[in-house]
Amino acid sequence: MNEHTRERIWSIWLRILFRFPAFLAVLTYLFIAHTNYEQIISLLNEVHTEIQIHLILLCATLTGFLLTFLARCERDYTRDGIYYLDLIIGISPLAIISTAIGPFGVIDYLLCFTYFFLITAILVKYPKHNANKWKAHFLALLFVVTVWLLLSFLLYASPVDFARTVGSVFLTLVFFALLLILLLLACAHPVLGIPIIFIVTIMFFMNERDHNLRLTEFTDYDEFQNNENPFRAPVSIQDAFDKWLASRNDLELYEGAGKEYPVFLISSEGGGGYAAAHANLFLSKMQDRCPNFSQHIFAITGVSGGAVGNALFWSSLDKRSNPAEFMGCTGAIDVSEEVNILAQDNLAPVLGAMFFRDLPNKLFFDLLPGPNRSEALIFALSGTNMLGVNENPLFAEHYWEQGDDGSKRLRGGPAVIPVATNLVSGKPYIIAPFEVDDLRNGFEQTSCGTCDLSRTEPDEVGMRTYDIGFFDAAVASASFPYITPSLGLGAFGGSRIGLVDGGYLDNSGTEVLLEIAKALYSPSRFFDGASPAALDFPTSTLGISDTRVCYGNLYDGLNILVSPRPYGNLRQDKDGEVHPNEDDDDCEVSIIFYTITIRAEPSHDRYLDGQNFFTDPISALLNGRSRRAELARLRLFDFQCAAGAICPRHVETGIQIGFFDSVIRPQDFALPLGWKLPLNGLREMSNIVAPEPTTVIEQNYDEFSNMIDIMAWQADVFETVAGNPSSVAAIISALRPTDTSD
């Protein structure tokens, strides 16, 4: 091989190498435009504002042009096949993305045509740019740094509003464009580029940065003896339920009608954005239809997106709503405002923080200020509530408030309980405003006498007391790497625990709900937490009636008769016989627990299509995790069916024992897991969630025809989407103090 041939081969290799970043750009745009991934489809379909369209078109234009133009820094450039390839590469990103986000208005089409003309004209007129290679590449580097710093500053100044204005698509495209320009410069200068790429790679994988939940400390040894602040002292679930039940202003309404007081325990399943929307829409629609609904909710557990949806619902509530009369269930249902808010782009703030804060800080040792991606999501959610108020109270303060005398007072609303996973122990981590003693062995929790937010360090006298933000707790439950990182929480002795998405272990939230139900059905007064002497009713309580004067301790003084299911007051004697309760006790409150699971309909498939050496183990792990949620619901079903009484053999649906569901099939609405949901899909889902009781929902369940009878029956016990109207009707019936219609 002669010298000329070697030089020719080397020249061809360099020309291909210089165009490798441009090839990657085209492949990236092709993937974005033609993928079946629901989140990307949703993002492209939701690009409607002029500023987003113009920024995306400009980004695509500059990406194709700069990568092609800079690649022409060659000693010998001729009008051969590479020349025409450059023309195709230069206009491809703009052509691909314009078809993906179109159709446009007339002005947008004119803008596209102008960009096409400019790219083609410059590349044809200047087949080889004559600028000094080093100068051209220095200017390109300066351009990258300037754009990066500009976007970083704007995202620091406005992490939510600016990110939503420019959109997720633009932030993603501009980030990859800047990376590809840097890659091209590294290829053009391998002596500098290769060592830099090596160092950046090492730092990316080795230089981990901490992401911690923000703690607010309340330790004050000067004001409180041993820091025993009564407002911050842990409270048992029994104490909390005592005061919550006795403070219900409509308690006597049910007692006078001879009906058990309905208490709802609710769980919201995980599933990212669509689960958040499902939980929020169901709870909001039921509250709009039945204004007394939230008054009867004692606790709402949530995992991942379900925890976020619960938090959004709480933020929309009138915290003092505690009417003494039944206001009916005929309220007008208009969730258009909720749907529009849920359709806001909560993914853009996360991507902005990831691309222009978190990733650069791996290289610059946290020099860049601003919120990380978890904090950006918290900021977006805490401003996204039905009242339009930026509200992120401390977690304990969503349930408790401090009285004028320093006492601990109920706010009166439901307890919102996010469930995360301790990534080290693998146990569910419960963030609750009270202590559930039955959770001690199988679960971990924040609110107890020896827990992470209320703890006594080995070298101190008295407790150190902390709290976290309300939406911080919800995001901790929804921390699914790599979109949001694991979150550290300060613990004993300066150590930390790591919290990740609660769905790693149980995506339903039902296991925790079962433990809460057990604690309330069979209360124990012997727990290892401090019980404050001054625990007061919410300010919404109208007054202490003849019945409530017995409240001393409801589980000790006021006899709470828990009816196991909606068949009246029944008690089971030592021989197992069931008898009506005929006791006439002035200090007796009869209650009944109902459970509601907000979830997606599981797959009913059970037959094998084929086997794969690589994917079978992964499929087994993922499907087993999904089925764990069903098993948790079965255990709750069995407990509710049999707790304190018998379960009739003819039970065919959960509704018969007060086990209600709100069910969706995400695939019916093309709803993604991410934090940007399509507006049309949300509108369609809002018609299925909490519909009018008379609605008939047609669903095709061909897979049932391939099941054996017992499997089909089990699938139907937990209501399918078609059973949503029946669940709504049953909830309305449970709320009515009498059996008459509204």
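Just above, that's the structure.
Computed from a predicted model, the values in this text were never measured in an experiment.

## Remarks on the overall build of the protein chain
The secondary structure content of the protein chain amounts to 21 helices and 18 strands. Within the protein chain, residue pairs in contact and separated by at least 24 positions form 79% of the contacts whose partners lie at least 6 positions apart. When the accessible surface of the protein chain is totalled, it reaches about 32500 Å², and 60% of it is carbon and sulfur.

## Here's the deal with the nonpolar core
Core analysis: the largest hydrophobic core is formed by 133 residues, its most contacted members being Phe 264, Phe 293 and Phe 356. Top contributing element to this core by residue count: helix 7 (residues 161-188), with 15 residues. Not counting residues within four places of it along the chain, the set of residues in contact with Phe 293 comprises Phe 264, Ile 266, Leu 283, Met 286, Gln 287, Ile 596, Ile 731 and Leu 735. Residues Phe 241, Phe 298, Val 512 and Phe 637 belong to the second largest nonpolar core, which totals 42 residues.

## Describing the packing of helix 11 (residues 272-289) against helix 12 (residues 305-316)
Running from N to C, helix 11 and helix 12 point in directions that differ by 35 degrees, and their axes come no closer than 7 Å. Read as a crossing pair, helix 11 and helix 12 show a hand that is right-handed. Mapping the contact onto sequence places Gly 272, Ala 275, Ala 276, Ala 279, Asn 280, Leu 283, Ser 284 and Gln 287 in helix 11 and Gly 305, Gly 306, Val 308, Gly 309, Asn 310, Leu 312 and Phe 313 in helix 12. Residues that form the contact of helix 11 with helix 12 fall into these classes: 7 nonpolar, 8 polar and no charged.

## Details of the packing of aromatic side chains
For the coordinates displayed, the defined rule picks out 24 aromatic pairs. Between Phe 470 and Phe 471 the ring centres are 5.4 Å apart and the planes differ by 80 degrees, which places this aromatic pair in the edge-to-face class. Both residues of the pair, Phe 470 and Phe 471, count as buried.

## Quick look at empty space enclosed by the protein
Going through the model one piece at a time under the given rule, you end up with 6 cavities of 30 Å³ or more. Taken as a whole, the second largest cavity spans an internal volume of roughly 100 Å³. Lining the second largest cavity are 14 residues, and of these Gly 273, Ala 276, Leu 342, Asn 346 and Trp 675 sit closest to its centre. Of all elements in the fold, only helix 11, helix 12 and helix 13 (336-342) reach the threshold of two or more residues within the lining of the second largest cavity. If one sorts the elements of the lining of the second largest cavity by residue count, helix 11 sits on top with 3 residues.

## Some details on the state of the cysteines
Applying the stated criterion to the full structure yields 1 disulfide. Note on cysteine connectivity: Cys 290 is disulfide-linked to Cys 329, with sulfurs 2.1 Å apart. Every disulfide takes its handedness from the sign of the S-S torsion; for Cys 290 and Cys 329 that torsion is 125 degrees, giving right-handed. Placement of the pair is Cys 290 in the loop between helix 11 and strand 3 (297-303) and Cys 329 in the loop between helix 12 and helix 13, with a sequence separation of 39 residues.

## Quick look at the packing of helix 11 against helix 19 (residues 679-688)
It is the contact of helix 11 with helix 19, at a shortest axis distance of 10 Å, that shows an interaxial angle of 45 degrees. If you check the angle between helix 11 and helix 19, you find them oblique. Considering only the axes of helix 11 and helix 19, their crossing is right-handed. Across the interface between the two elements, Tyr 274, Ala 277, His 278, Leu 281 and Lys 285 of helix 11 pack against Leu 682, Met 685 and Ser 686 of helix 19. Taken together, the residues that form the contact of helix 11 with helix 19 break down as 5 nonpolar, 2 polar and 1 charged.

## Brief notes about the side chain of Asn 249
In this fold, Asn 249 is placed in the loop between helix 9 (237-246) and helix 10 (251-256). For Asn 249, a relative accessible area of 6% corresponds to the buried category. A polar atom in the side chain of Asn 249 sits 2.5 Å from the backbone oxygen of Asn 322.

## Quick look at the environment of Gly 256
Within the element layout of this structure, Gly 256 appears in helix 10. Once the C-alpha coordinates of Gly 256 and Thr 738 are considered, the two residues, 482 residues apart in sequence, prove to be 9.7 Å apart.

## Notes on the pattern of salt bridges
Enumeration over the complete set of coordinates arrives at 13 salt bridges. For Arg 496, the salt bridge identified is with Asp 210, shortest N-O distance 3.5 Å. Within this pair, whereas Arg 496 is found in strand 12 (residues 496-500), its partner Asp 210 is found in the loop between helix 8 (190-206) and strand 1 (216-217), the two being separated by 286 residues in sequence. Accessibility expressed as a relative area gives 46% for Arg 496, which makes it partly exposed. A relative accessible area of 54% places Asp 210 in the exposed class. The partner of Asp 661 in a salt bridge is Arg 599, and the shortest N-O contact between them spans 3.0 Å. Separated by 62 residues along the polypeptide, Asp 661 in strand 18 (residues 659-664) and Arg 599 in strand 17 (residues 588-600) bring together distant segments of the chain. For Asp 661, a relative accessible area of 2% gives the class buried. In this structure, a network of salt bridges that share partners links the residues Arg 357, Asp 358 and Arg 373.

## Observations regarding unusual backbone geometry
Look at Ser 304: it is not a glycine, yet its phi comes out positive at around 55 degrees. Inspection of the secondary structure puts Ser 304 in the loop between strand 3 and helix 12. Judged by relative accessible area, which is 7%, Ser 304 ranks as buried. Its identity as a non-glycine residue notwithstanding, Ala 690 has a phi of 45 degrees, on the positive side. Note on placement: Ala 690 falls in the loop between helix 19 and helix 20 (709-717). Among the residues examined, Ala 690 registers a relative accessible area of 1% and is labelled buried.

## Considerations on helix 17 (residues 510-521)
The terminal C-alpha atoms of helix 17 lie 16 Å apart, and with 12 residues this matches the ideal 16 Å at 1.5 Å per residue to within 8%. Regarding helix 17, the residues found buried are Thr 510, Glu 511, Val 512, Leu 513, Leu 514, Glu 515, Ile 516, Ala 517, Ala 519, Leu 520 and Tyr 521.

## Remarks on helix 7
With 28 residues, helix 7 extends 38 Å between its outermost C-alpha atoms, agreeing within 8% with the 40 Å of an ideal straight helix rising 1.5 Å per residue. Along its length, helix 7 shows its largest kink, about 90 degrees, at Gly 167. Burial runs high along helix 7: 22 of the 28 residues are buried.

## A few points about the environment of Glu 444
With respect to the helices and strands, Glu 444 occurs in strand 8 (residues 444-445). On a C-alpha basis, the gap between Glu 444 and Val 419 in space is 9.8 Å, while along the polypeptide they are 25 residues apart. Leave out the neighbours within four places in its chain, and Glu 444 touches Asn 422, Ser 425, Lys 427, Pro 428, Tyr 429 and Ile 430.

Definitions and cut-offs
Residues numbered from 1 in each chain as written. Predicted model: local features only at pLDDT ≥ 70, side-chain atom pairs only at ≥ 80, totals over all residues. Heavy atoms only, no water. Helix = DSSP H or I, 4+ residues; strand = E, 2+ residues; numbered from the N terminus. Contact = heavy atoms within 4.5 Å. Areas by Shrake-Rupley, 256 points an atom, 1.4 Å probe, with all protein chains shown as cover. Core = buried A, V, L, I, M, F, W, Y, C linked by side-chain atoms within 4.5 Å. Buried < 20%, exposed > 50% of the residue type's maximum accessible area, 1.4 Å probe, protein only. Axes fitted to C-alpha atoms, helices over the stretch in contact; angles between N-to-C directions. Left-handed = near helix turned anticlockwise from the far one by under 90°. Nonpolar A, V, L, I, M, F, W, Y, C, P; charged D, E, K, R; others polar. Phe/Tyr/Trp six-rings, centres within 6.5 Å; stacked < 30°, edge-to-face > 60°. 1 Å grid on protein atoms, 1.4 Å probe; cavity = no way out; pocket = protein on both sides within 12 Å on 5 of 7 lines; lining within 4 Å. Points joined across faces, edges and corners; volume = space filled by probe spheres on them. Disulfide = S-S within 2.5 Å. Parallel < 35°, antiparallel > 145°, perpendicular 65-115°, else oblique. Polar contact = N/O pair within 3.5 Å; in protein donor to acceptor, adjacent residues only side chain to side chain. Salt bridge = Lys/Arg side-chain N within 4 Å of Asp/Glu carboxyl O. Expected span 1.5 Å × (residues − 1). Bend = angle between axes of the 7 residues up to and from the residue.

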